[in-house]
Amino acid sequence: EIALPDLGPDDVIALRFRLAQVLENALGDIDGALTTYREILESDAQEGRALDALERIHSGQGQWTELIEILRRRVELAGEGGARRDLLWRIAEVIEKKIADRDEAITAYHIILDERAEDLPTLDALARLYEDAEQHSDLLEVLERRLPLTADITERVGLRSRMATTTGRPAPGS
């Protein structure tokens, strides 16, 4: 029998990282590596390197649902601010572009607006999705929210024109 020294939690995590790297890189055992990285997170739910590895692997393998799960964990750990918004944006983009679920993407973009009501890229994404889905009342609502946030006259005229087209009425001031 081999006697092992008493290992502390940090030592166990370090050994698990090494095992996961060997499984992934030397043996090509992606499933084994995923399991090991998840075990690390069970020991320390905030372990950023394990989250990074899971995010990288799931993205590389096209495992979008699992990637979204990891990104949502990151959102829970993120404080307020830009990093949180960027994670929420990535979730919405994956849902929209990789999973191609328009309704869920709309929901994901609205989560961003709940935290940042004046987020222009999010308003633009919602406008695009509502226009594609021919959800005219929702599109009009987004364009109305966008209008006061737009300083450029040409862009304002374009928004008013889109609004008029959406409602089927002439644009105000036309």
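About the thresholds
Here the residue numbering is sequential within each chain, running from 1 through the sequence in written order. Thresholds applied to this predicted model are a pLDDT of at least 70 for local features of residues and 80 or more for the giving and counting of side-chain atom pairs; totals over whole chains, interfaces and linings are not thresholded and use all residues. The basis for every side-chain value is the complete set of heavy atoms in the structure, and neither hydrogens nor water enter the calculation. Only runs of H or I of at least four residues qualify as helices and only runs of E of at least two qualify as strands under DSSP, and these elements are numbered from the N terminus. Radius of gyration here is computed from C-alpha atoms only, and the compact-globule reference equals 2.2 Å multiplied by the residue count raised to the power 0.38. Think of it in three bands: with a 1.4 Å probe and only protein chains considered, a residue is buried below 20% of the maximum accessible area for its type, exposed above 50%, and partly exposed in between. Surface exposure here means Shrake-Rupley accessible area, sampled with a 1.4 Å probe, where a residue is shielded only by the protein chains that are shown. A positive count includes Lys and Arg, and a negative count includes Asp and Glu. His and the chain ends are not counted in either. Where a charge sits is defined by one atom per residue type, namely NZ (Lys), CZ (Arg), CG (Asp) or CD (Glu). In these notes, a set of buried Ala, Val, Leu, Ile, Met, Phe, Trp, Tyr and Cys residues joined through side-chain atoms within 4.5 Å is what counts as a nonpolar core. We define a salt bridge as a side-chain nitrogen of Lys or Arg found within 4 Å of a carboxyl oxygen belonging to Asp or Glu. Pairing of aromatic rings covers Phe, Tyr and the six-membered ring of Trp, with a centre-to-centre limit of 6.5 Å; geometry is then stacked below 30 degrees between planes, edge-to-face above 60, and tilted otherwise. A positively charged side chain is recorded as over a ring if its NZ (Lys) or CZ (Arg) lies within 6 Å of the ring centre. The angle to the ring normal must also be within 35 degrees. What a helix is expected to span follows from its residue count: subtract one and scale by 1.5 Å. This arc is taken over the directions from the axis of the helix to the C-beta atoms. Note on definitions: a residue-residue contact is assigned when non-hydrogen atoms from the two residues lie within 4.5 Å. Axis definition: a line fitted to C-alpha atoms, limited for helices to the stretch in contact. Angles are taken between N-to-C directions and run from 0 to 180 degrees. In this scheme, roughly parallel covers angles under 35 degrees and roughly antiparallel covers those over 145, while 65 to 115 is roughly perpendicular and the rest are oblique. By the definition used in this description, the sense in which the near helix is turned from the far one sets the handedness, with an anticlockwise turn below a right angle giving left-handed and a clockwise turn giving right-handed.

**Structural notes on the overall build of the chain**
- Each helix and strand in the chain was counted, giving nine helices and zero strands.
- Helices (α) and strands (β) of the chain occur, in sequence order from the N terminus, as α-α-α-α-α-α-α-α-α.
- Relative to the compact-globule value of 16 Å for 174 residues, the chain shows a C-alpha radius of gyration of 23 Å, a clear excess of over 25%.
- Considered along the principal axes of its C-alpha atoms, the chain spans approximately 90 × 30 × 20 Å.
- For the chain, the proportion of its 174 residues judged to be buried stands at 36%.
- If you sum the accessible surface of the chain, you get close to 10,500 Å²; carbon and sulfur atoms cover 48% of it.
- Here the chain carries 22 positive and 36 negative side-chain charges, and the mean point of each set is 6 Å from the other.

**Description of the nonpolar core**
- Judged by nonpolar contacts, the single largest core of 31 residues is most densely connected at Ile91, Ile95, Tyr109, Leu126, Tyr130, Val142 and Leu143.
- Per element, the largest residue contribution to this core is seven residues, and it comes from helix 5 (residues 82-99).

**Details of the pattern of salt bridges**
- Per the counting criterion, the structure on display carries 14 salt bridges.
- For Arg84, the salt bridge is made with Glu115, and the minimal N-O distance between the two is 2.8 Å. Separated by 31 residues along the polypeptide, Arg84 in helix 5 and Glu115 in helix 6 (residues 102-115) bring together distant segments of the chain.
- Arg84 gets classed as buried once you look at its relative accessible area, which sits at 16%.
- Classification of Glu115 as partly exposed rests on a relative accessible area of 38%.
- One salt bridge connects Glu155 with Arg146, and the closest N-O pair in it is separated by 2.8 Å.
- What you see here is one network of salt bridges that share partners, running through Asp52, Glu55, Arg74 and Arg90.

**Describing unusual backbone geometry**
- Its identity is not glycine, yet Ala100 carries a phi of approximately 60°, on the positive side.
- With respect to the helices and strands, Ala100 occurs in the loop between helix 5 and helix 6.
- Positive phi, normally seen in glycine, also occurs at Glu134, with a value near 55°.
- Along the chain, the position of Glu134 falls in the loop between helix 7 (120-132) and helix 8 (136-146).
- Overall, Glu134 belongs to the exposed group, its relative accessible area being 59%.

**Examining the packing of aromatic side chains**
- Overall, the coordinates contain two aromatic pairs when judged by the stated rule.
- The lysine or arginine in question, Arg49, covers the ring of Phe17, its NZ or CZ lying 4.1 Å from the ring centre.

**Looking at helix 1 (residues 9-26)**
- The end-to-end C-alpha distance of helix 1 is 25 Å, a good match for the 26 Å that 18 residues give at a rise of 1.5 Å each.
- Taken as a whole, helix 1 has its buried residues at Ile13, Phe17, Ala20, Leu23 and Glu24. One face of helix 1 carries all of its buried residues, which in axial projection span an arc of 130°. Facing away from the buried side of helix 1, by more than 90 degrees, are the exposed residues Leu15, Arg18, Asn25 and Ala26.
- Those residues of helix 1 that are buried are in contact with helix 2 (30-43) and helix 3 (48-60).
- Where helix 1 terminates, the next one or two residues include Gly28, which has phi positive at roughly 65°.

**Points about the packing of helix 6 against helix 7**
- Helix 7 packs onto helix 6 with a crossing angle of 155° between their chain directions and a minimal axis gap of 10 Å. With respect to their mutual orientation, helix 6 and helix 7 come out roughly antiparallel. Remark: the crossing between helix 6 and helix 7 carries left-handed chirality. Each of Arg102, Ala105, Ile106, Tyr109, His110, Ile112 and Leu113 in helix 6 lies in contact with helix 7, whose residues at this interface are Thr122, Leu123, Ala125, Leu126, Arg128, Leu129, Tyr130 and Asp132.

Purely spatial values, then, with no claim about function.
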